[in-house]
Amino acid sequence: MLASEGEKENPLVPPIPELVIGLIAFAIVIFFLAKKLLPNINKVLDERRAAIEGGMEKAEAAQAEAQQVLEDYRAQLADARHESARLRQEAQEQGAALIAEMRAEGQRQREEIIAAGHTQIEADRKQAAATLRQDVGKLATELAGKLVGESLQDAARQSRTIDRFLDELEEKAEEKAEAAR
Amino acid sequence: MSSDQTLAFETDCHIFDGCGFPAPGLHSFTFEPMFSIGGFDFTKPMLLALLGTVVIVGFFWAAFGKAKVVPGKLQLVGEAGYDFVRRGIVYEALGKKEGDKYVPLMVSIFFFVWILNLWSVIPLAQFPVTSIIAFPVILALIVYVLWMGLTFKKHGFVGGLKNITGYDKSLGWVLPLVMALEFLSNVFVRPFTHAVRLFSNMFAGHVLLLIFTIASWYLLNGVGIAYAGVSFVMVILLTALELFIQALQAYVFVLLACTYIQGALAEHH
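Everything numeric here is computed off the predicted structure, so don't read it as measured data.

Chemist: Break down the overall build of chain B for me, with residues and values.
Modeler: When helices and strands are tallied, chain B shows 7 helices and 2 strands. Dimensions of chain B, computed from C-alpha atoms along their principal axes, come out at roughly 70 × 60 × 45 Å. Counting every position in chain B, which comprises 269 residues, the buried fraction comes to 38%. Put simply, of all contacts in chain B between residues at least 6 apart along the chain, 61% involve residues at least 24 apart.

Chemist: Go over unusual backbone geometry with me, naming the residues and quoting the values.
Modeler: All names here are of chain B. A positive phi angle, close to 75 degrees, is found at Leu124, a residue other than glycine. Turning to its location among the elements, Leu124 is positioned in the loop between α4 (103-118) and α5 (134-165). The phi dihedral of Gln126 is positive, around 45 degrees, even though this residue is not glycine. Mapped onto the elements, Gln126 comes out in the loop between α4 and α5.

Chemist: Quick one: what's the story with the interface of chain B and chain A, residue by residue and with numbers?
Modeler: Each partner contributes to the interface: chain B provides 42 residues, whereas chain A provides 32 residues. Mapped by element, the contributors of at least two residues to the side of chain B that touches chain A are α1 (2-6), β2 (40-42), α2 (44-64), α3 (73-99), α4, α5 and α6 (175-218) of chain B. Considering each element in turn, the side of chain B that touches chain A owes the most residues, 11 residues, to α2(B). Taken together, the residues that form the side of chain B that touches chain A break down as 30 nonpolar, 8 polar and 4 charged.

Chemist: Give me the packing of α2(B) against α4(B): which residues, what numbers.
Modeler: Residues and elements named next belong to chain B. Closest axis-to-axis distance for the α2/α4 pair is 9 Å, and the angle between their directions is 125 degrees. As judged from the angle between their axes, α2 and α4 are oblique. Taken as a pair, α2 and α4 cross one another with a handedness that is right-handed. Every residue of α4 that contacts α2 at Ala49, Gly52, Val55 and Ile56 is listed here: Phe111, Phe112, Ile115 and Leu116. Residues of the contact of α2 with α4, tallied by class, amount to 7 nonpolar, 1 polar and no charged.

Chemist: Describe the nonpolar core, listing the residues and the values that go with them.
Modeler: Formed by 65 residues in total, the largest nonpolar core has its most connected members in Met106(B), Ile109(B), Phe110(B), Val113(B) and Val254(B). Mapped by element, the contributors of at least two residues to this core are α2 (16-148) of chain A together with α2, α3, α4, α5, α6 and α7 (224-265) of chain B. Counting residues per element, this core draws most heavily on α4(B), at 13 residues. Leave out the neighbours within four places in its chain, and Val254(B) touches Val85(B), Ile89(B), Met106(B), Ile109(B) and Phe110(B).

Chemist: Please give an account of the packing of α3(B) against α4(B) that cites residues and values.
Modeler: Residues and elements named next belong to chain B. Two elements in contact, α3 and α4, have axes whose closest approach is 10 Å; the angle formed by their N-to-C orientations is 150 degrees. At the point where α3 passes α4, the crossing takes the right-handed sense. Side by side, α3 and α4 meet where Tyr82, Val85, Arg86, Ile89, Val90 and Gly99 of the first sit next to Val103, Met106, Val107 and Phe110 of the second. Broken down by class, the residue content of the contact of α3 with α4 amounts to 8 nonpolar, 1 polar and 1 charged.

Chemist: Give me the lowdown on α3(B), citing residues and values where you can.
Modeler: With 27 residues, α3(B) ought to run about 39 Å at 1.5 Å a step, yet its terminal C-alpha atoms sit only 28 Å apart, falling short of that. Most pronounced at Tyr91(B), the bend in α3(B) amounts to some 100 degrees.

Chemist: Explain the UniProt feature "transmembrane region" (unreviewed entry) in chain B to me, and be specific about the residues and the numbers.
Modeler: Residues and elements named next belong to chain B. Per the UniProt record, the feature "transmembrane region" (unreviewed entry) sits at residues 46-64, 102-122, 129-150, 170-189, 201-219 and 225-245. Split by type, residues 129-150 is 77% helix and 0% strand. Its first and last C-alpha atoms lie 29 Å apart. Along residues 225-245 one finds 100% helix and 0% strand; the C-alpha atoms at either end are 29 Å apart.

Procedures and definitions
- Residues numbered from 1 in each chain as written.
- Chains lettered and ligands numbered in written order.
- Predicted model: local features only at pLDDT ≥ 70, side-chain atom pairs only at ≥ 80, totals over all residues.
- Helix = DSSP H or I, 4+ residues; strand = E, 2+ residues; numbered from the N terminus.
- Buried ≥ 20, exposed ≤ 12 C-beta atoms within 10 Å, placed from the backbone.
- Contact = placed C-beta atoms within 7 Å.
- Nonpolar A, V, L, I, M, F, W, Y, C, P; charged D, E, K, R; others polar.
- Axes fitted to C-alpha atoms, helices over the stretch in contact; angles between N-to-C directions.
- Parallel < 35°, antiparallel > 145°, perpendicular 65-115°, else oblique.
- Left-handed = near helix turned anticlockwise from the far one by under 90°.
- Core = buried A, V, L, I, M, F, W, Y, C linked by C-beta atoms within 7 Å.
- Expected span 1.5 Å × (residues − 1).
- Bend = angle between axes of the 7 residues up to and from the residue.
- UniProt positions renumbered as here; feature names shortened; annotations may be inferred.

See the structure below:
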């Protein structure tokens, strides 16, 4: 290469051989990149995005599930607490009812016993009074027969007299009792 | 003389030796053919362009060939680069729906431009292939054809012309002026600057690196050695700057391509 030759060339005029080589070189680059390598990487980038998005979705789903389970457990726990409180309340109520029932039963039995006792006493007293009345009548009749010396044969008259006498006695006793009161 | 000027490190010329500074120039961008096949001269930039192709395809093949949902390190790096162009440039300019179709083209352009720029600082290569105008031109031409094709396909012939000339009735009497300027801009200036912006940046960057690299060598004589150190520090700093510019220019090239296509797809305003 001679310097004079170089000076003659205009650096802004493209020489044809270099144009051709440049075109070929660039064509090779764009052929490989556009046909094979860039589609390759695009596919992988898409896959990666899908994988990341899928992973995130999975993580979100897992989180949601965990949250759901937690809420379920909380709800169950609350239910159980509620249930136990209810059972305790019920047991308390049942116990109170049982005690009240037993108390009422005891009261009733006591009253029954007392009433039975009263009845018995009344019956005994009546029986005693009747027996006493008979005995008194008999004694009085015998005494009166001995004193009067005659037999008071007429039973009807006899008993009427005795009864009248006894009634009078009772009335007097009652009057005395009222006066005492 | 020729190899002295093209390959700065083979020169025996130092300061105080009575020879002038072998400044870089246009001749630094022309190469002797490595071999010729039937009149076709195969040069170093061509080799680097094809090697760039091998590097890009090889890298993406290794990264994406057996892409996995759980990426390896290489795939992760590839994905970062891919996503940078896809999301950072194409979707930003065109939107996801419209832009998806152009992602492979834009990704290819970005890495092609970037790697071809990057040769500038790779030892032994040390030449930005994009400082040969043919390489930016072919890429700008592809974008231009796509851009014009889309314009007329989307809007029809008259609508396409209106799109290109920025037709807008409400402009009134300045409309012809605007139309002429827009037509000039869209049909000639934009594709030209699209290619030349990349070319000139890489060209200038390479010249700068050459100046300080050659100077570092040239100054290695006597008291000049101290200045050679300064010059070498500049080489390091400019290499770092170039690394940034290379990526930036690739980004700008793709961003402009997306903007042109966006303009072609836009409705009348």
